[in-house]
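Coordinate inspection notes
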Amino acid sequence: MSGNARRDRDIVPPSPPSSQARPPDGLVFGIDIEELYFDFGEGHRHLKMIVGAGQGPRLHEDKAIRVRNTMYSLPSLSTLVPRLDDLLGQEHENPATAVDPVHERSFDCLMVDVRNALPGDAGFWYDTGVFLARFSLCVIIVAEPPQELPETDFEGTYRRELARVVPLLKHVLLVLVSRAAWLRASPALRKQLLALLRQLGDWDGGSADWCRTARARADRVFSAIGMTHSGTSILHVVSAAGAQSGRTADEPPTDAPAPDMESEFRHREKELMKALLAGEAEAVEEGLRTLVQTGRRTLGSRHPLVLLAQADLCLALHALGRVPLCVDLAYDTADEACLHFGERHALTATVSTTTWWLLHITGRATEAAEFKEARLAWLPATDPDELPPELAQLPGMRAGPTGRAGAIPTEPREQTS
C-alpha cells in the first residue's frame, strides 16, 4: 500500500480529492487477495481437469507477488507472509490440496488476519475490495457460464453465491460512505461506487439483464481505480483453453501460446492504439486493461506482447490525465521487463523508453533524467549498427526530448525477440 497515504483523524476536514488520486489503501489489496483465493481454489481445480495434475501454469503468479509485497508492509508480516507462502507452496506441490476444505479454511483465516492487521480505514476499503471482486466474479459467471468444463452447474452455483454476496457488498459500501475516508477517494471512484450501490439496491434475484448491468457497473469501478481487470473469470480462460486444445488430462500441454492467440492479441492492440490516436482515450483505456489482463492469463504475465500492451495502457492513462497511475504502472512495467528479460533486452529498452517519456512529459524532469541515466544510458552509447532495428530509432535517445506525443512510437510495435 502507498506509503504516502493520508492518516488524518476524522476530526480533520479531508482535503479536496484529485481525480488523479491513488486508489485508497486496502482497496486494490482486497481485490487481489480475493481473486488469488478464487484462483487458488476453484480456478486451480478446473485447470488441472484440463491439463492434468502437476501440469500447466500457476494461475495467480502476478497476484501472489502483489499480495505478498503488500503484506510485507503490515505489522504482522512475520507471520502473514510465511503463511501465504506455505499455502501456495502446498498447492504447487500437491494440486489436490487446493480445494481441500481444510486448506480453503486456512486461506479464509489468513484473509481475516490480514484484515485485522490493516491500519485505520484501510480495513474498510479492503472489505470493499474483497466483496467487489467476489461480486464481479459471480455476475460474470451467471451472465455467461463457462461451457467447456464438465459436470458443473456454474450458473446455479454462482447465482446462489451472488444472492449471498449482494447484501454483503451493499452493507460494506453503506458503511464506507458514512466515513470521512470516503471523501478522500477520487470523485471518479466515488461516482462509480455510488452507481454500483444503486444497482445493488435494485436487486431482482439476479436476472440476466440485472447481471449484465451489474457487470458493467463493477467494471467501471475497476476502471476508476486504474486496474487492469479483464471482466473475464479464470474459469472462462480455462474453459477456452480446453475447447481450443481438445486435449484430455493425459495429453501433455504445450508451453508456448498458440500463434493465432498472439496474432489476435497484436491485431487488437493495433486497433486500440489507432483509436487512441483518434482521441478515444476512455474506451481505449478500458480495452487495454482487458487486453493486458486476458493476455496475462492466456499468453502469460511475462510475455513480451503483454508487457508492450501494458506500456500502451500507460499512454492511455496519461491521455486521460491520470498522471500518478500512468507513472506508477510505467515504473512497474519497466521493472518487470528488466527482471524477466534483462537490462539490455530490446523489450526492456522499449518499455523503459515509454517510462522515461512519461516522466519527462508529466514534468518530472529530475526523475526522468535519473531514470534515463540508470536504465537507458547504455543505449545512445551503443553503435546503431549493433542494435536490433527496433532499438536503433527509439525516440529521444539520441536527441533531446521533443515534448510531443509524437516522441513516442505511435504505431503498434512488433514483438521483440
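Residues numbered from 1 in each chain as written. Predicted model: local features only at pLDDT ≥ 70, side-chain atom pairs only at ≥ 80, totals over all residues. Heavy atoms only, no water.

**Side note on the overall build of the protein**
Summing up its helical and strand segments, the protein has 16 helices and zero strands in all. Put simply, the protein has 417 residues, and 50% of those count as buried. Restricting to contacts in the protein with at least 6 residues of sequence separation, those with at least 24 account for 73%. Per element, the accessible surface of the protein, about 18,900 Å² overall, is 52% carbon and sulfur. (Helix = DSSP H or I, 4+ residues; strand = E, 2+ residues; numbered from the N terminus. Buried < 20%, exposed > 50% of the residue type's maximum accessible area, 1.4 Å probe, protein only. Contact = heavy atoms within 4.5 Å. Areas by Shrake-Rupley, 256 points an atom, 1.4 Å probe, with all protein chains shown as cover.)

**As for the packing of helix 5 (residues 122-143) against helix 8 (residues 208-224)**
Any two packed helices are characterised by how steeply their axes cross, that is the angle between the axes, and by the distance between the axes. Between helix 5 and helix 8, the least distance of the axes is 9 Å, while the angle of their chain directions is 140°. With respect to each other, helix 5 and helix 8 are oriented oblique. For the element pair helix 5 and helix 8, the recorded crossing hand is left-handed. Along its contact with helix 5, which presents L132, F135, S136, V139, I140, V142 and A143, the element helix 8 presents W210, C211, A214, R215, A218, V221 and F222. (Axes fitted to C-alpha atoms, helices over the stretch in contact; angles between N-to-C directions. Parallel < 35°, antiparallel > 145°, perpendicular 65-115°, else oblique. Left-handed = near helix turned anticlockwise from the far one by under 90°.)

**Some details on the packing of aromatic side chains**
Ring pairs (aromatic) are described by centroid distance and by the angle formed between their planes. Under the criterion given, the structure shown has six aromatic pairs. Measuring from centroid to centroid gives 6.4 Å for W125 and W182, while their planes differ by 10°, and the two rings are stacked. With W125 in helix 5 and W182 in the loop between helix 6 (154-177) and helix 7 (187-201), this pair connects stretches of sequence that are 57 residues apart. In this pair, the class of W125 matches that of W182, namely buried. Ring geometry for W203 versus W210: centroids 4.9 Å apart, planes at 85°, classification edge-to-face. Connected via pairs of aromatic rings, a cluster forms that spans F135, W203 and W210. (Phe/Tyr/Trp six-rings, centres within 6.5 Å; stacked < 30°, edge-to-face > 60°.)

**Description of helix 5**
Two residues of an α-helix separated by three or four positions point the same way, owing to the 3.6 residues in each turn. For helix 5, spanning 22 residues, the distance from its first C-alpha to its last is 31 Å, which sits close to the expected 32 Å at 1.5 Å a residue. Here helix 5 lies mainly inside the structure; 20 of its 22 residues are buried. (Expected span 1.5 Å × (residues − 1).)

**Things to note about the pattern of salt bridges**
According to the stated counting rule, one finds 17 salt bridges in the structure shown. In this structure, D113 and R83 form a salt bridge, with 2.8 Å as the shortest nitrogen-oxygen distance. Here D113, found in helix 4 (residues 101-117), pairs with R83, found in helix 3 (residues 77-93); they are 30 residues apart in sequence, far enough to count as distant. For D113, a relative accessible area of 32% gives the class partly exposed. Of the charged contacts, one joins R289 and D219 as a salt bridge, the two residues approaching to 3.8 Å between their closest N and O atoms. Of this pair, R289 sits in helix 11 (residues 281-298) while D219 sits in helix 8, and the two are 70 residues apart along the sequence. With a relative accessible area of 0%, R289 lands in the buried category. Each member of the salt-bridge network shares a partner with another, and the members are E34, R134, E161 and R164. (Salt bridge = Lys/Arg side-chain N within 4 Å of Asp/Glu carboxyl O.)

**Focus on the packing of helix 6 against helix 7**
Across the interface, helix 6 lies against helix 7 with an axial gap of 10 Å and an inter-helix angle of 135°. Here helix 6 is positioned oblique relative to helix 7, judged by the angle of their axes. The crossing of helix 6 and helix 7 is left-handed. Facing helix 6, whose interface residues are V166, L169, K170, L173, L174 and V177, helix 7 presents L193, L194, L196, L197, L200 and G201.

**Describing the environment of N69**
Here N69 shows up in helix 2 (residues 61-71). It is 8.9 Å that separates the C-alpha atoms of N69 and V81, two residues lying 12 residues apart in sequence.

**Details of the nonpolar core**
Of all hydrophobic cores here, the largest spans 38 residues; its most connected members are W125, F135, Y158, L162, L169, L189 and W210. The set of elements that each furnish at least two residues to this core consists of helix 1 (27-51), helix 5, helix 6, helix 7 and helix 8. Counting residues per element, this core draws most heavily on helix 5, at 10 residues. Residues within four places of W125 in sequence aside, it is in contact with P24, D25, G26, L27, L176, A181, W182, A185, L189 and L193. Among the nonpolar cores identified, the runner-up in size contains 36 residues, and L299, L313, C314 and F371 belong to it. (Core = buried A, V, L, I, M, F, W, Y, C linked by side-chain atoms within 4.5 Å.)

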